[in-house]
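The residues making up each chain are set out below.
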Amino acid sequence: MLSQPGRLLTKARLLRAVWGTAYADEGHYLHVYISRLRRKLAVADQDGSLRDLIVAEPGVGYRIAERPERPDLRD
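Below: a short report on this structure. (Residues numbered from 1 in each chain as written. Predicted model: local features only at pLDDT ≥ 70, side-chain atom pairs only at ≥ 80, totals over all residues. Heavy atoms only, no water.)

A separate point is the pairing of strand 3 (residues 61-64). Summarising the sheet, strand 1 (residues 9-10) and strand 3 pair through two bridges and their orientation is antiparallel. Within strand 3, the position partnered with Thr10 by the bridge is Gly61. As judged from the four bridges shared by strand 2 (residues 54-57) and strand 3, these two strands associate in the antiparallel manner. Within strand 3, the position partnered with Ala56 by the bridge is Tyr62. The antiparallel hairpin formed by strand 2 and strand 3 contains three residues in its connecting segment, where Gly59 sits at a positive phi of about 80°. (Pairing = 2+ DSSP bridges. Helix = DSSP H or I, 4+ residues; strand = E, 2+ residues; numbered from the N terminus.)

Let's shift gears to the nonpolar core. Judged by nonpolar contacts, Leu9, Leu14, Leu15, Leu30, Ile34, Leu53, Ile54, Tyr62 and Ile64 together constitute the single largest core of nine residues. Elements that contribute at least two residues to this core include exactly helix 1 (11-19), helix 2 (27-44) and strand 3. (Core = buried A, V, L, I, M, F, W, Y, C linked by side-chain atoms within 4.5 Å. Buried < 20%, exposed > 50% of the residue type's maximum accessible area, 1.4 Å probe, protein only.)

This is how it looks when you write it as structure tokens:
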């Protein structure tokens, strides 16, 4: 997911990639682990910049949010 920000990955694709084809109908696994990942990111992210990193596309899957370009702070 991180290597292609903005690209939507379906639940089925994520389940196959992580748990294999036998878990294709186990969408709740994905929901639980995404929730745990978000919680861990929140703890590690003191300034809140990663709060919306993982975007859910209801009924379809998840994607990593594309980060807007940060303005040059040296000015």
